[in-house]
Amino acid sequence: MTPRAPAGAPECGQGPAGRKGRDTRAPGDPGCAGPDSLQGVSTRDTDWEGVRLHVVTGKGGTGKTTVASALALALASGGKRVLLMEVEGRQGIAQVFDSPPLPYEERKIAVGPADNAEPSGDVYALVADPESALLEYLEMFYNLRHAGRALTRFGVMDFATTIAPGLRDVLLTGKATEAVRRKKGGKLVYDAVVMDAPPTGRIGRFLNVTSEVSGLARVGPIRNHADTVQKVIHSPETAVHFVTTLEEMPVQEALDGIAELRDMPGGGIQVGGIMINMVRPLELPRSQLRDVAAGSVDEHELAIGLKAAGLGDSVRLAADLAAELTDEAVAAIGQEEERRRLAEAAQPRYDLPMITDGIDLAGLYRLAAALRDQGAA
Ligand SMILES: Nc1ncnc2c1ncn2[C@@H]1O[C@H](COP(=O)(O)OP(=O)(O)O)[C@@H](O)[C@H]1O
Ligand SMILES: [Mg+2]
């Protein structure tokens, strides 16, 4: 299938519903749900209604783990249960939530934001590693826990995942899709799963389960498992969000990653939002940026003003201030240029502020609130 616009997106002719009305999608973006569509009808109209597996990628260091955590919190409202899953074994989630290292076990790590009338929801966390996922898989399908343990002891796991890196990936994506589909008493256990995924450079391969495994297993349970995983990943229930900062390299990686997913064999994987992270407020009005960057600051006038204000070495101060303003304007123009490049990808975009005093739980809630205000969750 081709990537579709999320149901309930404001550009589909119904006008902005429950959003602050920022322009997040370029005109002409394909694939709006028709006016009669009942998809996405809920108490809160969000851009990713119907998506249950949120894969968060981006260039390393741009804030994948932080943004995935904030998204999980943002989704955990109205009594919803959200699983936040880490697949690279770095204990990044535990760090973000300031909790002890997490085991291979789902446990509650936070509650979502309380929202006026709505009750909050719960965020569970899981650090998934391929070995534990394989043991669990063997047990689930073959009752083979002991065999699995022996395999581990003899290092067969290392061997298998070394010769077939695709197997490693399918075990991890398989764990995510299992959590997405899991039911208890006829009801889904999780309303959403958020995956803190590998960086952009590896995301295509990571999600391209079938072709990675096909060399390994043409028939049989591994193949069936891979096919199920692949189906979920290519369905409208999955979206891949890209985290970036407004710098050239991360933006380029995001754009390349988006193009890669769109061109993926087997019909593409739904591209989600572009999460623009660590955004600093503009110090100058947009209208003045170019002039200031071009050196329009009148040092002489500035010095007179500073002198009138009774400030010491006003000439030197004015020169420093002018230089700083010019640098700032140049940097801001660069960021505006990166924004323009991101806009060309024609995906919804969300701004996440730079939290200047470091990310703690309060900071995460601020990021979660920003995502909710902009309709990402
Ligand atoms: N919006 C933000 N404001 C301030 N610091 C941030 C923000 N997002 C991420 N960070 C910080 O940037 C660093 C990298 O973030 P992290 O989520 O670990 O990135 P990644 O998972 O992509 O490597 C961390 O120190 C994190 O606290
Ligand atoms: Mg990380």
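Structure first, text after, so check above.
Predicted, not measured: the structure shown is a model, and the values here were computed from it.

Draft legend 1. Region of the structure containing the overall build of the protein chain. Tallying secondary structure elements over the protein chain gives 14 helices and ten strands in all. Burial statistics for the protein chain: of 377 residues in total, 40% are counted as buried. Within the protein chain, counting contacts between residues at least 6 apart in sequence, those at least 24 apart form 73% of the total.

Draft legend 2. Geometry of the packing of helix α1 (residues 64-75) against helix α14 (residues 361-373). Contact geometry for α1 and α14: axes closest at 8 Å, N-to-C directions at 65 degrees. When the axes of α1 and α14 are compared, the pair comes out roughly perpendicular. Crossing of α1 over α14 shows right-handed handedness. Residues V67, S69, A70, L71, L73 and A74 of α1 form the contact with α14, whose own contacting residues are L364, Y365, L367, A368, L371 and R372.

Draft legend 3. Spotlight on the site of ligand 1. Taken together, 16 residues surround ligand 1, and among them G63, K64, T65, T66 and I355 come closest. Only α1 and β9 (271-279) provide two or more residues apiece to the shell around ligand 1. Among the elements that line the shell around ligand 1, the one with the most residues is α1, at three residues.

Draft legend 4. Spotlight on the packing of helix α10 (residues 248-262) against helix α13 (residues 314-343). Packing of α10 against α13 leaves a shortest axis separation of 10 Å and a crossing angle of 0 degrees. The angle between the axes of α10 and α13 places the two elements in the roughly parallel class. Contacts from E248, V251 and L255 of α10 reach α13 at E338, R341 and L342. A class-by-class count of the residues in the contact of α10 with α13 yields three nonpolar, no polar and three charged.

Draft legend 5. Structural detail: the sheet that holds strand β2 (residues 81-86). Judged by pairing direction, the sheet is mixed, and its eight strands sit side by side in the order β3-β4-β2-β7-β1-β8-β9-β10 without closing on themselves. Of all strands in the sheet, those with a lone pairing partner are β3 (107-111) and β10 (349-353), marking the two edges. Taking each pair of neighbouring strands and ignoring which way they run, the sheet shows an average axis angle of 25 degrees. Both β2 and strand β7 (residues 192-196) contribute to a ladder of five bridges, which runs parallel. Bridge assignment links E86 to a residue of β7, and that residue is D196.

Draft legend 6. Representation of the nonpolar core. Grouped together as the largest cluster of nonpolar side chains are 78 residues, with contacts concentrated most on L71, L84, V193 and V194. By residue number, the principal contributor to this core is α1, which donates eight residues. Dropping the residues within four chain positions of it, V193 is found in contact with R52, L53, L83, M85, A176, A179 and V180. Core analysis: the next-biggest nonpolar cluster, separate from the first, contains nine residues, L289, A318, A322 and A332 among them.

Draft legend 7. Seen up close, the pairing of strand β8 (residues 238-244). Most of β8 sits out of view: seven of its seven residues are buried. Here β8 shows two buried faces, one formed by T238, V240, F242 and T244 and the other by A239, H241 and V243. Here strand β1 (residues 53-58) pairs with β8 via six bridges, running parallel. For V55, the partnering residue across the bridge sits in β8 and is V240. In this sheet, β9 lies alongside β8 in parallel orientation, the contact comprising four bridges. In the sheet register, V243 faces β9, and the bridge partner there is M275. With α10 bridging β8 and its parallel neighbour β9, the resulting β-α-β unit is right-handed.

Cut-off values and rules
- Residues numbered from 1 in each chain as written.
- Chains lettered and ligands numbered in written order.
- Predicted model: local features only at pLDDT ≥ 70, side-chain atom pairs only at ≥ 80, totals over all residues.
- Helix = DSSP H or I, 4+ residues; strand = E, 2+ residues; numbered from the N terminus.
- Buried ≥ 20, exposed ≤ 12 C-beta atoms within 10 Å, placed from the backbone.
- Contact = placed C-beta atoms within 7 Å.
- Axes fitted to C-alpha atoms, helices over the stretch in contact; angles between N-to-C directions.
- Parallel < 35°, antiparallel > 145°, perpendicular 65-115°, else oblique.
- Left-handed = near helix turned anticlockwise from the far one by under 90°.
- Near = placed C-beta within 6 Å.
- Nonpolar A, V, L, I, M, F, W, Y, C, P; charged D, E, K, R; others polar.
- Pairing = 2+ DSSP bridges.
- Core = buried A, V, L, I, M, F, W, Y, C linked by C-beta atoms within 7 Å.
- Right-handed = clockwise from strand over helix to strand, strands pointing away.

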